[in-house]
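Inside the fold
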Amino acid sequence: MTVPAASAIDVLLVEDDAGDALITVEAFERHKVVNRLHVVRDGVDALAFLRREGDHADAPRPDLVLLDLNLPRMGGHDLLAVLKADEDLRRIPVVVLTTSGADEDVLRSYQLHANAYVTKPVDFDAFVTAIRQIDDFFITVVARPS
């Protein structure tokens, strides 16, 4: 189920792997997700986007962050810690979307207050399904602050 255009939200994908970013974009398109997807390649750039600094001064405030853990310059766990400690940013839901299924990564992400942890499926169709489920849950089911 897609949401009406009036209900479209901004989603920030923090992903350094160009192939994974492309697959996510394709998954949004294949699922006909109407949300606006913005992509940054590392934690430092993500923080600038979220704080609307530098090249991102006109960036929209995302309603959802999809966060990879293995990032250059500032790793996903470090970025998550900064986001959840920031009074202005902590209310933005963060879904860790990563290849790691390691228990320590899952535990640390939840300790840092991630809203969900999803291990990226290797199969494209399974990945599309995971993106659809994230979209359905966080866009259709969950109430978000305005």
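My aim in this report is to walk through the structure given alongside it, one point at a time. All of these numbers come straight from a predicted model, not from anything done at the bench. All chains use their own residue numbering, which begins from 1 and follows the written sequence. Residue-level local features of this predicted model are given only where pLDDT is at least 70; pairs of side-chain atoms are given and counted only at 80 or more, and the full residue set underlies all totals for whole chains, interfaces and linings. Hydrogens and water are ignored here; the side-chain numbers use all heavy atoms of the structure.

1. Side note on the sheet that holds strand β1 (residues 10-14)
Any two strands with at least two DSSP-identified bridges between them are counted as paired. Each helix is a run of DSSP H or I of at least 4 residues and each strand a run of E of at least 2, with the numbering of both proceeding from the N terminus. Read from one edge to the other, the open sheet built from five strands follows the order β2-β1-β3-β4-β5, with strand pairing classed as parallel. Lying at the two open borders of the sheet, with one neighbouring strand each, are β2 (36-40) and β5 (116-119). In this sheet, adjacent strand axes meet at a mean angle of 20° when their direction is disregarded. Where β1 meets strand β3 (residues 64-67), four bridges bridge the pair, whose relative direction is parallel. Note that in β3 the partner of Val11 across the bridge is Leu64. Lying over the sheet, helix α3 (residues 76-85) contacts β1, β3 and β4 (94-98), oriented at roughly 180° with respect to β4. Should any heavy atoms of two residues lie within 4.5 Å, those residues are considered in contact. Axis definition: a line fitted to C-alpha atoms, limited for helices to the stretch in contact. Angles are taken between N-to-C directions and run from 0 to 180 degrees. The strands that helix α5 (residues 124-141) touches are β3, β4 and β5; relative to β4, the one it contacts most, it runs at about 175°.

2. Some remarks on the nonpolar core
In terms of nonpolar packing, the biggest core is built from 23 residues, with Leu12, Val14, Val65, Leu67 and Leu79 touching the most fellow members. Looking at this core, the elements that each hand over two or more residues are β1, α2 (43-51), β3, α3 and β4. Only buried residues count toward a nonpolar core. Its members are Ala, Val, Leu, Ile, Met, Phe, Trp, Tyr and Cys residues joined through side-chain atoms within 4.5 Å. Exposure categories follow from relative accessible area, calculated using a 1.4 Å probe and restricted to protein chains: below 20% of the type maximum is buried, above 50% is exposed, and the middle band is partly exposed.

3. Some words on the packing of aromatic side chains
Any two aromatic rings considered together are summarised by their centre-to-centre distance and by the angle between their planes. Any two rings among Phe, Tyr and Trp, with Trp reduced to its six-membered ring, count as a pair given centres within 6.5 Å; such a pair is stacked if its planes are under 30 degrees apart, edge-to-face if over 60, and tilted if neither. Counted under the stated rule, the structure contains one aromatic pair. Taking the centre distance of 5.0 Å and the plane angle of 90° together, the rings of Phe137 and Phe138 count as edge-to-face. The exposure class of Phe138 is buried, given its relative accessible area of 7%.

4. Topic: the side chain of His77
Note that His77 resides in helix α3. Residues in contact with His77, not counting those within four places in the same chain, are Leu69, Asp105, Arg108, Ser109 and Leu112.

5. Description of the packing of α2 against α3
Packing of α2 against α3 brings their axes to within 9 Å, and their N-to-C directions diverge by 20°. In terms of orientation, α2 and α3 fall into the roughly parallel class. Like other packed secondary-structure pairs, α2 and α3 cross with a definite hand, here right-handed. When α2 is examined against α3, the residues Gly43, Ala46, Leu47, Leu50 and Arg51 are found in contact with a partner set consisting of Leu79, Val82 and Leu83. Oblique is the label for any angle not covered by the other classes, which are roughly parallel (under 35 degrees), roughly antiparallel (over 145) and roughly perpendicular (65 to 115). Here a crossing is called left-handed whenever its near helix is offset anticlockwise from the far helix by less than a right angle, and right-handed whenever the offset is clockwise.

6. Considerations on the pattern of salt bridges
Salt bridge, as used here, is a side-chain nitrogen of Lys or Arg placed within 4 Å of a carboxyl oxygen of Asp or Glu. The full count for this structure, using the stated rule, is ten salt bridges. Among the ionic pairs, Glu15 bridges to Lys120, the shortest N-O distance being 2.4 Å. Here Glu15, found in the loop between β1 and α1 (18-30), pairs with Lys120, found in the loop between β5 and α5; they are 105 residues apart in sequence, far enough to count as distant. A salt bridge links Lys120 to Asp20, with the shortest nitrogen-to-oxygen separation between them at 2.9 Å. Remark: Asp20 occurs in helix α1 and Lys120 occurs in the loop between β5 and α5; sequence separation between them is 100 residues. Owing to a relative accessible area of 22%, Asp20 belongs among the partly exposed residues under this scheme. Several salt bridges converge on common partners, so that one network encompasses Glu15, Asp20, Asp68 and Lys120.

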